[in-house]
Amino acid sequence: MAEPGLATSVGAAPVPSTPKKSKARSAKNNGEAALGYEAELFAAADKLRQNMEPSDYKHVVLGLIFLKHISDSFEAKYAELMAEDPACAEDMDEYLAENIFWVPKEARWSHLKANAKQPTIGKLVDEAMLAIEAKNTTLKGVLPKDYARPALNKVMLGELIDLISGIGLGTEEGQARDVLGRVYEYFLSQFAGSEGKRGGEFYTPRSVVRVLVEMLEPYQGRVYDPCCGSGGMFVQSEKFVAEHGGRIGDIAVYGQESNYTTWRLCMMNLAVRGIDAEIHWNSEGSFHKDELKDLKADFILANPPFNVSDWGGERLRDDVRWRYGIPPTGNANFAWLQHIVHHLSPKGTAGVVLANGSMSSTQSGEGDIRKAMLEADVVDCMIALPGQLFYSTQIPACLWFLARNKGNGKFRDRRGEVLFIDARNLGHLVDRTRREFSDDDVEKITGTYHAWRGASEDIEYEDVPGFCKSATLEKIKEHGYVLTPGRYVGAAVEEDDDTPFSERFAMLREKLDDQFEEAEKLTALIREKLAGVLADA
């Protein structure tokens, strides 16, 4: 098990003192177009689950996907060395030099696959995990090692190994490994959905993360998440840079997580995606044991738990982070916002998911803190989100975008202004209970922000009634420093179809007459059926 507070890096075999540059991947080589079967694969894996709880099964499946990923990477390098100089093929340093995990013979996927139908397969997988951790200190305490437990069906385990063996078959080596990364991420999202509220504790829906990342555009610098969950913010940040032709290696990733099980998922998630990162775990969390006290990040993305009432704020009354006011002990929302501002570099920007109450609450001094943040001009943009976006809660949520210096010259001087976007009417239902933003939705939101920020002289920003409004601090003061976008954007303009009132009225009356007629028919039918019931009785 990892020591609490240990500075632990993933994606590279040795433990670095500072984050290393990530392995470069080109957007053309990321296998995005090659993968189209995640849903079928998950359905097949879920079928094998039988009566096992998704929260337990998640660790069984994700651990195996991770094992196959690092084994594939190792065996690709092994084949390369065998072709060049067979004497080097079993030299561990050859692999560590290229940030490839060393995989002992008994832990290689080919060995497990050959023994998948043996009753001892659970023990073999546990031994493989132990052997990998013994040779790769950065993975110590990360991998699941309870495949031999009696409650785990070994026939199911063997079939699962066969299923995972087929991932990436028929693709080139580099693409196959990236496919495994995408499968890992997809499975994480599906398990989050299966676990409902608990799932939301380790996974932020992808479309929400996309909005955060594409608003901030983290091309270069230090990226930080103080409550990083399974690492989705980092995965999406790296993906954004790759897709926009940036240099992935220019991003340094830092995070902290207080849930040990979630921290392990994050470590594997980042390693599978080839992301080098410095991720800390301690059970006290970022408020009480800030592992990155001196970090000043260029970009901060976070989805902290909403409205936490027992965060131990009474023990932190004099903390240096509370620059805008002491946050109430009964709600951690403004503690998170101030923790994040504290960690921003002089030109840093941040995107934070919070409950809607943070935009208007005046309880326990929250209104005063919000006012102080506005007067200090660190609030850049506010977005109201539609409902049903999250697995964990039905509480309405919003996005806060913060900036330490809105007049730094990189973009238009926005001092004294805040952009409000009301996105409550965007998104579409992907199932009975959950909504997602489409690509067009994400582009509409982020394009509006970039136009307002002055990212390009070719795109001019305009207020759109019912959707977006650039408001001055004076106007916000008139609204009592409440930041609810609906107050500022107003109502959408309804399109006039030029039909005369008399014609529209006639059409509505005709429609109403039809509905009355239909209602009378249904009433008669119901009476008839009820009479039949009495006659039969």
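This text gives an overview of the structure that appears in the document. (Residues numbered from 1 in each chain as written. Predicted model: local features only at pLDDT ≥ 70, side-chain atom pairs only at ≥ 80, totals over all residues. Heavy atoms only, no water.)

## So, the overall build of the protein chain
Thinking step 1. Looking only at helices and strands, one finds 17 helices and 12 strands in the protein chain.
Thinking step 2. Split into buried and exposed, the 537 residues of the protein chain put 53% on the buried side.
Thinking step 3. A sequence separation of at least 24 residues applies to 74% of the contacts in the protein chain between residues at least 6 apart.
Thinking step 4. Just so you have it, the protein chain exposes about 24800 Å², and 50% of that area is on carbon and sulfur atoms. (Helix = DSSP H or I, 4+ residues; strand = E, 2+ residues; numbered from the N terminus. Buried < 20%, exposed > 50% of the residue type's maximum accessible area, 1.4 Å probe, protein only. Contact = heavy atoms within 4.5 Å. Areas by Shrake-Rupley, 256 points an atom, 1.4 Å probe, with all protein chains shown as cover.)

## Thoughts on the packing of aromatic side chains
Thinking step 1. Applying the stated rule across the entire model yields 21 aromatic pairs.
Thinking step 2. Pairing Phe420 with Tyr488 gives two aromatic rings, centres 4.0 Å apart and planes at 15°, and the pair type is stacked. With Phe420 in strand β9 (residues 417-422) and Tyr488 in helix α16 (residues 486-489), the pair connects residues that are 68 residues apart, well separated along the chain.
Thinking step 3. With relative accessibility at 0%, the residue Phe420 sits in the buried group.
Thinking step 4. The buried category is assigned to Tyr488, whose relative accessible area is 8%. (Phe/Tyr/Trp six-rings, centres within 6.5 Å; stacked < 30°, edge-to-face > 60°.)

## Regarding a nonpolar patch on the surface
Thinking step 1. On the surface, a nonpolar cluster with roughly 380 Å² of combined accessible area is contributed by Leu522, Leu525, Ile526 and Leu530.
Thinking step 2. Here Ile526 is to be found in helix α17 (residues 501-536). (Patch = residues over 30% accessible without salt bridge, like charges linked within 9 Å, V, L, I, M, F, W, Y side chains within 5 Å. Salt bridge = Lys/Arg side-chain N within 4 Å of Asp/Glu carboxyl O.)

## Details of the side chain of Thr448
Thinking step 1. You can see Thr448 is positioned in helix α14 (residues 439-453).
Thinking step 2. A distance of 2.7 Å separates a polar atom in the side chain of Thr448 from the backbone oxygen of Lys444.
Thinking step 3. For Thr448, the contacting residues outside a window of four places in its chain are Leu419, Ile421, Glu443, Tyr461, Phe467 and Cys468. (Polar contact = N/O pair within 3.5 Å; in protein donor to acceptor, adjacent residues only side chain to side chain.)

## Re the nonpolar core
Thinking step 1. In this structure, Leu160, Phe187 and Ile383 are the most contacted members of the largest nonpolar core, which totals 110 residues.
Thinking step 2. A per-element tally of this core places helix α2 (residues 54-84) first, with 11 residues.
Thinking step 3. Discounting chain neighbours no more than four positions away, the residues touching Ile383 are Met215, Cys398, Leu399, Phe401, Ile421, Ala423, Ile445 and Pro485. (Core = buried A, V, L, I, M, F, W, Y, C linked by side-chain atoms within 4.5 Å.)

## As for the pairing of strand β2 (residues 221-225)
Thinking step 1. Most of β2 is tucked away, with 4 of its 5 residues classed as buried.
Thinking step 2. Note: β2 against strand β3 (residues 251-257), 5 bridges, orientation parallel. Pairing of Gly221 across the sheet is with Ile251, part of β3.
Thinking step 3. Bridge analysis of β2 against strand β5 (residues 297-302) gives 2 bridges, and the strand direction is parallel. (Pairing = 2+ DSSP bridges.)

## Remarks on the pattern of salt bridges
Thinking step 1. Counted by the stated rule, this structure contains 25 salt bridges.
Thinking step 2. The partner of Lys77 in a salt bridge is Glu98, and the shortest N-O contact between them spans 2.7 Å. A residue pair is termed long-range when its members are at least 10 positions apart, and Lys77 in helix α2 and Glu98 in the loop between α3 (92-96) and α4 (109-114) qualify at 21 residues.
Thinking step 3. On the basis of relative accessibility, which here comes to 41%, the residue Glu98 falls in the partly exposed class.

## Notes on unusual backbone geometry
Thinking step 1. Of note in this structure, Ser364 is not a glycine but carries a positive phi near 50°.
Thinking step 2. Relative to the elements of secondary structure, Ser364 occurs in the loop between β6 (344-355) and α13 (366-375).

## Quick word on helix α1 (residues 38-49)
Thinking step 1. Counted at 1.5 Å a residue, the expected span for α1 with its 12 residues is 16 Å, and the 16 Å between its end C-alpha atoms agrees.
Thinking step 2. Residues Glu38, Leu41, Phe42, Ala45, Leu48 and Arg49 constitute the buried set of α1. Looking straight down α1, one finds its buried side chains confined to an arc of 115°; they lie on one side. Opposite the packed face of α1, turned more than 90 degrees from it, sit the exposed residues Glu40 and Lys47.
Thinking step 3. Phi for Gln50, located one or two positions after α1, is positive at around 55°. (Expected span 1.5 Å × (residues − 1). Arc of directions from axis to C-beta.)

## Thoughts on helix α6 (residues 154-165)
Thinking step 1. When the terminal C-alpha atoms of α6 are compared, their 16 Å separation across 12 residues agrees well with the 16 Å that a helix rising 1.5 Å per residue should span.
Thinking step 2. Listed as buried for α6 are Lys154, Met156, Leu157, Gly158, Leu160, Ile161, Ile164 and Ser165.
Thinking step 3. Buried residues along α6 sit in contact with α1, α2, α4 and α5 (121-135).
Thinking step 4. Residue Asn153 occupies the N-cap position of α6, its side-chain oxygen lying 2.8 Å from the main-chain nitrogen of Val155.

## What to know about the environment of Leu399
Thinking step 1. Turning to its location among the elements, Leu399 is positioned in strand β8 (residues 397-403).
Thinking step 2. By relative accessible area, Leu399 is classed as buried at 0%.
Thinking step 3. Placed 40 residues apart in sequence, Leu399 and Met359 show a C-alpha to C-alpha distance of 9.7 Å.
Thinking step 4. Not counting residues up to four positions away in its chain, the partners in contact with Leu399 are Val208, Val211, Leu212, Val352, Val353, Cys381, Met382, Ile383 and Leu385.

## Description of the side chain of Lys68
Thinking step 1. Structurally, the position occupied by Lys68 is in helix α2.
Thinking step 2. Overall, Lys68 belongs to the buried group, its relative accessible area being 5%.
Thinking step 3. Once you skip the residues sitting within four places of it in the chain, Lys68 turns out to touch Trp109, Ile164, Ser165, Ile167 and Leu180.

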